[in-house]
Amino acid sequence: MSENQPAPGRERLEGRVALVTGGAIRVGRAIAEALAARGCHVGITYRSSSGPAEELVAALRAQGVQAAAAPCDQRDPAQITAAVNALETELGPTDILVNNAAIFDRTPFEEATLEDWDVHLETNLRGPWLFCKAVGPAMKERGWGGILNMLDIAAERPYVEYLPYSASKAGLLAVTRGLVRVLAPAVRVNGIAPGTVLWPEDYPEELRQAVLRRTPLGRAGTPEDIAAAALYLLESPYLTGVVLPVDGGRSLV
């Protein structure tokens, strides 16, 4: 069986058009690469990573799939509309949406500002919702679609020094579950709730070790762990409304 052929009982992704927000770097890049390996044509958005975005597009095209990138600060609804229009003009209608782009800033309660709340909610909650509105109805009308929202275990177990972030992911969890019914039966909507995958650059070493001690597998995950989970959810034809924790068991401790 070739790499882009699904296992029996799996959805065929080859030839589908996938849009991965924040797809130029880190977890988004791993997901974009995994989808391309399945034969998807891949569009990505980026906010400031224009160099990595151009590099990824070139690499994916060299693999024989179509690829394109569009700038997008998803705090701005007009930029979301422009990015979707640009990518669909080049690649065709979106079949798969992966809402990956997000911000994760430390905001202790006593120091958090209104701007902290606004930037997290607009980027991590309103932005994904607007991407879903931009492509979801057309998916439903065409009779097939897959939406995958990147959540976090913090949606249900908030990180106390990251409350605006945690609240934004809790809201996106509600949106994910609501869209399951709104877009059924043609569009399947699922989520991934990572634990620690890539550390923030400013995360102190002593806190990293404390997190790992609370993680049953004793290690951080990798972007490839998340990409494998994304493929599993997108290729499973009877899964919708699933939020898959990929956290090394951390949410159980």
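Counting restarts for each chain: residues are numbered from 1 in the order of the written sequence. At least 70 in pLDDT is required for a residue's local features to be given in this predicted model, at least 80 for side-chain atom pairs to be given and counted, and no such filter applies to totals for whole chains, interfaces and linings, which use all residues. To obtain the side-chain values, all non-hydrogen atoms of the structure were included, while hydrogens and water were left out.

K.L.:
So what about the overall build of the protein? Which residues, and what values?
P.N.:
Of the regular secondary structure elements, the protein holds seven helices and seven strands. A run of H or I in DSSP counts as a helix once it spans at least four residues, and a run of E counts as a strand once it spans at least two, with each numbered from the N terminus. Listing each helix as α and each strand as β along the protein from the N terminus yields β-α-β-α-β-α-β-α-β-α-β-α-α-β. Atoms considered for the radius of gyration are the C-alpha atoms alone. The globule rule reads 2.2 Å times the number of residues to the power 0.38. Against the 2.2 N^0.38 benchmark of 18 Å for 253 residues, the protein shows a C-alpha radius of gyration of 17 Å, consistent with a compact globule. In terms of its C-alpha atoms, the protein occupies a principal-axis envelope of roughly 45 × 40 × 40 Å. Think of it in three bands: residues with accessible area under 20% of the maximum for their type are buried, residues over 50% are exposed, and the middle band is partly exposed, with areas taken using a 1.4 Å probe on protein chains only. The buried share of the protein, taken over its 253 residues, is 52%. Here a residue-residue contact requires only that any non-hydrogen atoms of the pair lie within 4.5 Å. Contacts in the protein between residues at least 24 apart in sequence constitute 73% of all its contacts with a sequence separation of at least 6. Each accessible area is a Shrake-Rupley result for a 1.4 Å probe, and residues are judged covered by the shown protein chains and nothing else. Total accessible area on the protein stands at roughly 11,700 Å², and carbon and sulfur atoms take up 54% of it. For the protein, the centre of its 24 positive side-chain charges and the centre of its 30 negative side-chain charges are spaced 6 Å apart. Think of it this way: Lys and Arg go in the positive column, Asp and Glu in the negative one, and His and the chain ends go nowhere. Think of each charge as sitting on NZ of Lys, CZ of Arg, CG of Asp or CD of Glu.

K.L.:
Mind laying out the packing of aromatic side chains, listing which residues take part and the relevant values?
P.N.:
One pair of aromatic rings is described through two measures. These are the centre distance and the angle between the planes. Working definition: rings of Phe, Tyr and Trp (its six-membered ring) pair if their centres are within 6.5 Å, and the pair is stacked with planes under 30 degrees apart, edge-to-face with planes over 60 apart, and tilted otherwise. Counted by the stated rule, this structure contains five aromatic pairs. Summarising the aromatic geometry, the rings of Phe 104 and Tyr 162 are spaced 4.3 Å apart at their centres and angled 5° between planes, so their arrangement reads as stacked. With Phe 104 in the loop between β4 (96–99) and α4 (114–142) and Tyr 162 in the loop between β5 (145–150) and α5 (163–182), the pair connects residues that are 58 residues apart, well separated along the chain. For Phe 104, a relative accessible area of 29% gives the class partly exposed. Look at Tyr 162 and you get buried, because its relative accessible area is 7%.

K.L.:
Please set out the nonpolar core residue by residue, giving values where relevant.
P.N.:
Counting 35 residues, the largest nonpolar core has Ile 31, Leu 35 and Val 42 as its most contacted members. Counting only elements with at least two residues in this core, the list comes to β1 (17–20), α1 (26–37), β2 (41–46), α2 (50–62), β4, β5 and α7 (223–235). Here Leu 35 is in contact with Leu 13, Ala 18, Val 20, Cys 40, Val 42, Val 98, Leu 231 and Leu 234, once residues within four sequence places are set aside. In terms of nonpolar packing, the next biggest core, distinct from the first, is built from 28 residues, Val 17, Leu 87, Leu 130 and Val 135 among them. Residue types Ala, Val, Leu, Ile, Met, Phe, Trp, Tyr and Cys, when buried and joined through side-chain atoms within 4.5 Å, form a set referred to as a nonpolar core.

K.L.:
Which residues make up the packing of helix α3 (residues 77–91) against α4, and what values do they have?
P.N.:
Here the axes come from fitting lines to C-alpha atoms, over the contacting stretch only for helices, and the angles between their N-to-C directions go from 0 to 180 degrees. As a packed pair, α3 and α4 sit with axes 10 Å apart at the nearest point and diverge in direction by 40°. As far as their axial angle goes, α4 and α3 are oblique. For α3 against α4, the interelement crossing comes out right-handed. On α4, the residues touching Pro 77, Ile 80, Val 84 and Glu 88 of α3 are Arg 126, Gly 127, Leu 130, Phe 131, Ala 134 and Val 135. The labels follow the angle: roughly parallel below 35 degrees, roughly antiparallel above 145, roughly perpendicular from 65 to 115, and oblique for the rest. Here a crossing is called left-handed whenever its near helix is offset anticlockwise from the far helix by less than a right angle, and right-handed whenever the offset is clockwise.

K.L.:
Give me the packing of α4 against α5: which residues, what numbers.
P.N.:
At a minimum axis separation of 8 Å, α4 and α5 run at an interaxial angle of 15°. With respect to α5, the element α4 is oriented roughly parallel. Between α4 and α5 the crossing geometry is right-handed. On α5, the residues that touch Asp 116, Trp 117, His 120, Leu 121, Asn 124, Leu 125, Pro 128, Trp 129, Cys 132 and Lys 140 of α4 are Leu 163, Pro 164, Tyr 165, Ala 167, Ser 168, Lys 169, Gly 171, Leu 172, Val 175, Leu 179 and Val 182. Only Asp, Glu, Lys and Arg are considered charged, only Ala, Val, Leu, Ile, Met, Phe, Trp, Tyr, Cys and Pro nonpolar, and every remaining residue, Gly among them, polar. Of the residues assigned to the contact of α4 with α5, the class counts are 14 nonpolar, four polar and three charged.

K.L.:
Which residues make up the state of the cysteines, and what are the values?
P.N.:
Any pair of cysteine sulfurs within 2.5 Å is marked as a disulfide. Inspection of every chain in the model, using the stated rule, returns zero disulfides. Between Cys 72, a free cysteine, and Cys 132, which holds the nearest cysteine sulfur, the sulfur-to-sulfur gap is 13 Å.

K.L.:
I'd like a description of the environment of Ala 230, backed by residues and values.
P.N.:
Among the structural elements, Ala 230 can be located in helix α7. The contact partners of Ala 230, leaving out residues within four places of it in the chain, are Ile 31, Leu 148 and Ile 192.

K.L.:
Give a description of the sheet that holds β2 that names residues and reports values.
P.N.:
Being paired, for any two strands, means DSSP has found at least two bridges between them. Taken in spatial order, the seven strands make up an open sheet running β3-β2-β1-β4-β5-β6-β7, and their pairing is parallel. Both edges of this open sheet fall to β3 (67–71) and β7 (243–246), since each of them pairs with a single strand only. Recorded for the sheet is a direction-independent mean angle of 15° between the axes of neighbouring strands. Here β2 pairs with β3 via five bridges, running parallel. The residue bridging Val 42 from the neighbouring strand is Ala 67, located in β3.

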